[in-house]
Amino acid sequence: QGPKVDAFEREFRARMRQPGPCLAVGSGTDALHLAYLLAGIGPGDEVATPLFTCTATNLPLLYIGATPRFVDVDPVTLNICTEDLARKVGPKTKAIVCVHYGGLPCDMDEIHAIARRWGIPVIEDAAQSLGSTWAGRAIGAAGDFVSFSFHPNKNVTTIEGGALVLNDEREAKLAVQYRLQGVVRSGLDGMEVEV
């Protein structure tokens, strides 16, 4: 952490037109893991997630003992199939994860409508869609939690790394604590330990 990371977070948020706080992390997988924890997902919880995705989307669910509920994908876009999603989301579902595959945005209007029906958050895996838009808005501008990846095989890279964009300032403060085992560093002035 430090002033360069702080500057990166501010610049990323501004350039990617993200309305909420941006938090730089070690990888896109780390961003998803944080999002799952902040969404309150825990052992035994069910999470709707696309069948076709990188293992990094679902491994953090397994880390925390949650159960992925696999949803079919659209054969043309390879994004989550909203018809199958509507069938599979139910009272046990704690969150919906969607992946914007290959830069093609998911049908966010329909996904958010399904999520609102059940009162659950939407977590967007935007590892491959940096700069994409849905309905004239940047990917991530309407999500509860949005993860980005800067892995070397992505369209923008920092050699490694990721970012989590949130739409809630309180969750952002908690995410800062989770990011580094409760240690919050502030620039070059040293560090504070949050209790």
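Before reading further, recall that the structure is shown in the block above.
Values in this document were obtained by computation on a predicted structure and should not be read as measured data. (Residues numbered from 1 in each chain as written. Predicted model: local features only at pLDDT ≥ 70, side-chain atom pairs only at ≥ 80, totals over all residues. Heavy atoms only, no water.)

Remarks on the pairing of strand β9 (residues 162–166)
In step 1: In terms of residue burial, β9 counts as a mostly covered element, since five of its five residues are buried.
In step 2: Relative to β9, strand β1 (residues 22–25) runs antiparallel, the two being bridged by four bridges. Its bridge partner being in β9, L23 is matched across the sheet by L164.
In step 3: Here strand β8 (residues 145–149) runs beside β9; their pairing, made up of five bridges, is antiparallel. By the bridge assignment for β9, F145 is matched with L166. (Buried < 20%, exposed > 50% of the residue type's maximum accessible area, 1.4 Å probe, protein only. Helix = DSSP H or I, 4+ residues; strand = E, 2+ residues; numbered from the N terminus. Pairing = 2+ DSSP bridges.)

So, helix α2 (residues 28–38)
In step 1: Within α2 the residues assigned to the buried category are G28, A31, L32, L34, A35, Y36 and L38.
In step 2: Between the side-chain oxygen at the start of α2 and the backbone nitrogen of T29 there is a gap of 3.3 Å, and the oxygen is on S27.
In step 3: The positive-phi residue at the C-terminal boundary of α2 is G40, with phi of around 80°. (Polar contact = N/O pair within 3.5 Å; in protein donor to acceptor, adjacent residues only side chain to side chain.)

A word on unusual backbone geometry
In step 1: Unusually for a residue other than glycine, L78 sits at a positive phi of about 65°.
In step 2: By the element assignment, L78 lies in the loop between β3 (67–71) and α4 (82–88).
In step 3: For L78, a relative accessible area of 30% gives the class partly exposed.
In step 4: The backbone of A135 shows a phi angle near 55°, a positive value even though the residue is not glycine.
In step 5: Looking at the secondary structure, you find A135 in the loop between β6 (133–134) and β7 (137–138).
In step 6: According to the relative accessible area criterion, A135 is exposed, its value standing at 65%.

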